Amino acid sequence: MEALRAVLPIIGLVLLLCFTIAPISASILLCFLLGGVLLVVGEMFFTLGAEMSMSPMGERVGACMVRSRKLWFILGLAFVLGVLVTISEPDLQVLAEQVPAIPNMTLILAVAIGVGAFLMVAMLRMLFNIPLNNLLLLFYGVVFLLAVFAPADFLAVAFDSGGVTTGPMTVPFIMALGVGVASIRSDRHAAEDSFGLVSLCSIGPILAVLVLGLVYRPDDAAYTPPVLPEISDSVELWQLFQEGIPTYMGEIAVALLPIIVLFGLFQIVMLRLSRRQLLKIVIGLVYTYVGLVLFLTGVNVGFIPAGNYIGQTLASLDHPGIIIPIAMVMGYFIVRAEPAVYVLNKQVEEVTDGAISAGAMGIGLSVGVAISLGLAMVRVLTGISILWFMIPGYAIALGISFFVPRIYTAIAFDSGGVASGPMATTFLLPLAQGACTAVGGNIVTDAFGVVAMVAMTPLITIQVMGLASQISTRLAGRRPAALEEALRDLDENAIVDL
């Protein structure tokens, strides 16, 4: 039911567009619909598998790291974990395929090293109780300083890479790692510090790609649009997906293998879980594997062509600005279909004992992503540099962080990375690329950056929720005092009358 509620709105919206102002061929529509079915089934298996395997694995590994009480071991293992989990991230592979300026492996390795380095920073923050907003202010200052000198072709891709790195493979493991490390601490900030790992790990890829842009000069940066499917019957439709499934089976197997091997070593040397606990984790890993294979097959084969074509069609209308409100509605619903968003919302509700509900988190993320999609389409239509949006956006987000409880800042910056998952990479980015092609813009500088915009606005909306909650709590605390003062001035008869 959760998977259906997440995916059906975006399918319904696309069907509405197809039958009204953005007609598409029967081939693309059928691929999209079958992709939607695989999406629902895949998300169902993935979310169940993440609960049973990725989260328990991350928590236990994190707790073991801290119990060793050896700083070199904690930092070294954090770097290795960050690199391995990032190389295995399906979102990053999808983005690398679409970036024309950088070879796939060059981009993936640069991003993986960035995540590994900043996972070490995140561990140091948790171990020494360093305020997150101070670190964010420092590192984002370095990011925007480097952005001034980086080539334009690398700018939007760098910010996008920070968003896609924190996808369905990385988020459950890294967030659970934080919970495991925090479980060893007994101070009052332990629960708050369990969040924030994802936000710091999102900075590493941005810095890594910006540095790469300063030292690397690509020979060929030509953009290759996705191939639009042409099928004549249902057998050809199934063959199209059948060809994609083995590819993603291999990719996800390679993605999960390093994590499984590392956890196996921990089990042999330190964990020694019971057979029952191990069996549950193994079954969860099978669910995770099946879910990600189906999910990625559905979005890559069915959603990328549909997103690209719809973007071209909408931007080719007499009033291309109509794509802005349509993209905002898409953004509101599409973030609910992100697999890692479910993991984040559930973990936030558990760690805060329901003070921050999964429903409130969902609404905050949806509103933030809707705004970001509207701004992203303004960029596509006008060609405005991404820095005109990113610098004020992050300035506001970092400014608010000094006035809200620490936990809201950590959750907000985590949610930004989580919201920019496979749905953003495989539907929203192609949508922007199609629109950019139709208006004759520069794909690399104008269309890329959508994922980065999706990752930015939740930082503001979630913290605004925290600010509103803080204000309402203070007002509620003042009411009893005001009532007591009012009653003190009344005589006994007046009080009896009241």
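Coordinates for the structure precede this section.
Scope of this entry: the structure provided in the associated data block. Quick caveat, the model's predicted, so the values are computed rather than measured.

Section: the overall build of the protein chain
- Scanning the protein chain from N- to C-terminus turns up 21 helices and zero strands.
- Relative to its length of 498 residues, the protein chain is compact, with a C-alpha radius of gyration of 23 Å against a globular reference of 23 Å.
- Referenced to the eigenvectors of the C-alpha coordinate spread, the extents of the protein chain come out at roughly 85 × 60 × 50 Å.
- Scored against the burial criterion, the 498 residues of the protein chain give a buried share of 57%.

Re a nonpolar patch on the surface
- Nonpolar side chains collect at one region of the surface, where Leu145, Val148, Phe149, Leu214 and Val215 lie side by side and expose about 540 Å² of accessible area between them.
- Broken down by secondary-structure element, the contributors of at least two residues to the nonpolar patch are helix H6 (132-149) and helix H10 (197-215).
- Positionally, leucine 214 belongs in helix H10.
- Judged by its relative accessible area of 35%, leucine 214 is partly exposed.

A closer look at the side chain of asparagine 300
- Here asparagine 300 lies in helix H12 (residues 275-315).
- Relative accessible area serves as the criterion here: at 14%, asparagine 300 is assigned to the buried category.
- There is a polar contact of 2.8 Å between the side chain of asparagine 300 and the backbone oxygen of leucine 296.
- Apart from residues no more than four positions distant in its own chain, asparagine 300 is found in contact with Val94, Tyr248, Pro305 and Thr426.

Points about empty space enclosed by the protein
- This structure, assessed with the given rule, holds one cavity of 30 Å³ or more.
- Size it by volume and the largest cavity reaches roughly 100 Å³.
- Lining the largest cavity are 15 residues, and of these Tyr140, Gly162, Ser202, Tyr394 and Ala455 sit closest to its centre.
- Only helix H7 (152-164), H10, helix H16 (387-400), helix H17 (406-419) and helix H20 (450-488) provide two or more residues apiece to the lining of the largest cavity.
- Grouping the constituent residues of the lining of the largest cavity by class yields nine nonpolar, six polar and no charged.

A look at the layout of surface pockets
- Taken as a whole, the second largest pocket spans an internal volume of roughly 620 Å³.
- Lining the second largest pocket are 27 residues, and of these Glu2, Arg5, Ala6, Arg336 and Tyr342 sit closest to its centre.
- Elements that contribute at least two residues to the lining of the second largest pocket include exactly helix H1 (2-18), helix H2 (26-67), helix H14 (339-351) and helix H15 (358-382).
- Per-class residue counts for the lining of the second largest pocket are 14 nonpolar, five polar and eight charged.

Regarding helix H11 (residues 234-271)
- Of all the bends in H11, the largest measures some 30° and sits at leucine 257, one to four residues before the proline proline 258.
- If you check the start of H11, you find a side-chain oxygen 3.1 Å away from the backbone N of valine 235, and it comes from aspartate 233.

Regarding the packing of H6 against H10
- It is at 10 Å that the axes of H6 and H10 come closest, and there the two elements cross at 20°. Here H10 runs roughly parallel to H6, going by the angle between their axes. Crossing of H6 over H10 shows left-handed handedness. Of the residues in H10, those touching H6 at Leu132, Leu135, Leu136, Phe139, Tyr140, Val142, Val143, Leu146, Ala147 and Phe149 are Ser199, Leu200, Ile203, Ile206, Leu207, Leu210, Val211 and Leu214.
- For the contact of H6 with H10, the residue count by class is 17 nonpolar, one polar and no charged.

Things to note about the packing of helix H13 (residues 323-334) against H15
- H15 packs onto H13 with a crossing angle of 150° between their chain directions and a minimal axis gap of 7 Å. Looking at the two axes, H13 sits roughly antiparallel to H15. At the point where H13 passes H15, the crossing takes the right-handed sense. On the side of H13, the interface is formed by Ile323, Ile324, Ala327, Met328, Gly331 and Tyr332, while H15 contributes Ser366, Val367, Val369, Ala370, Ile371, Leu373, Gly374, Met377, Val378 and Leu381.
- Of the residues assigned to the contact of H13 with H15, the class counts are 13 nonpolar, three polar and no charged.

Observations concerning the environment of leucine 39
- With respect to the helices and strands, the residue leucine 39 is situated in helix H2.
- Each C-alpha atom of the pair leucine 39 and glycine 264 lies 30 Å from the other, and the pair is 225 residues apart in sequence.
- In this structure leucine 39 touches Val7, Phe295, Val299, Phe303 and Met423, once residues within four positions along its chain are discounted.

Some details on the packing of aromatic side chains
- Applying the stated criterion across every chain, the model contains 12 aromatic pairs.
- Between phenylalanine 45 and tyrosine 287, the ring centres sit 5.7 Å apart and the planes meet at 50°, which makes this aromatic pair tilted. Remark: tyrosine 287 occurs in helix H12 and phenylalanine 45 occurs in helix H2; sequence separation between them is 242 residues.
- The exposure class of tyrosine 287 is partly exposed, given its relative accessible area of 27%.
- Every member of this aromatic cluster is reached through a ring pair, and the members are Tyr140, Phe144, Phe159, Tyr394 and Phe413.

Description of the nonpolar core
- Grouped together as the largest cluster of nonpolar side chains are 158 residues, with contacts concentrated most on Leu119, Met123 and Phe159.
- If one sorts the elements of this core by residue count, H2 sits on top with 13 residues.
- Contacts of leucine 119, omitting those with residues within four sequence positions, involve Ala78, Leu81, Gly82, Ile174, Leu177, Leu197 and Cys201.
- Formed by seven residues, the second largest nonpolar core is a distinct cluster that contains Cys31, Ile231, Phe241 and Leu294.

Parameters and conventions
- Residues numbered from 1 in each chain as written.
- Predicted model: local features only at pLDDT ≥ 70, side-chain atom pairs only at ≥ 80, totals over all residues.
- Heavy atoms only, no water.
- Helix = DSSP H or I, 4+ residues; strand = E, 2+ residues; numbered from the N terminus.
- Rg over C-alpha atoms; globule rule 2.2 N^0.38 Å.
- Buried < 20%, exposed > 50% of the residue type's maximum accessible area, 1.4 Å probe, protein only.
- Patch = residues over 30% accessible without salt bridge, like charges linked within 9 Å, V, L, I, M, F, W, Y side chains within 5 Å.
- Areas by Shrake-Rupley, 256 points an atom, 1.4 Å probe, with all protein chains shown as cover.
- Salt bridge = Lys/Arg side-chain N within 4 Å of Asp/Glu carboxyl O.
- Polar contact = N/O pair within 3.5 Å; in protein donor to acceptor, adjacent residues only side chain to side chain.
- Contact = heavy atoms within 4.5 Å.
- 1 Å grid on protein atoms, 1.4 Å probe; cavity = no way out; pocket = protein on both sides within 12 Å on 5 of 7 lines; lining within 4 Å.
- Points joined across faces, edges and corners; volume = space filled by probe spheres on them.
- Nonpolar A, V, L, I, M, F, W, Y, C, P; charged D, E, K, R; others polar.
- Bend = angle between axes of the 7 residues up to and from the residue.
- Axes fitted to C-alpha atoms, helices over the stretch in contact; angles between N-to-C directions.
- Parallel < 35°, antiparallel > 145°, perpendicular 65-115°, else oblique.
- Left-handed = near helix turned anticlockwise from the far one by under 90°.
- Phe/Tyr/Trp six-rings, centres within 6.5 Å; stacked < 30°, edge-to-face > 60°.
- Core = buried A, V, L, I, M, F, W, Y, C linked by side-chain atoms within 4.5 Å.

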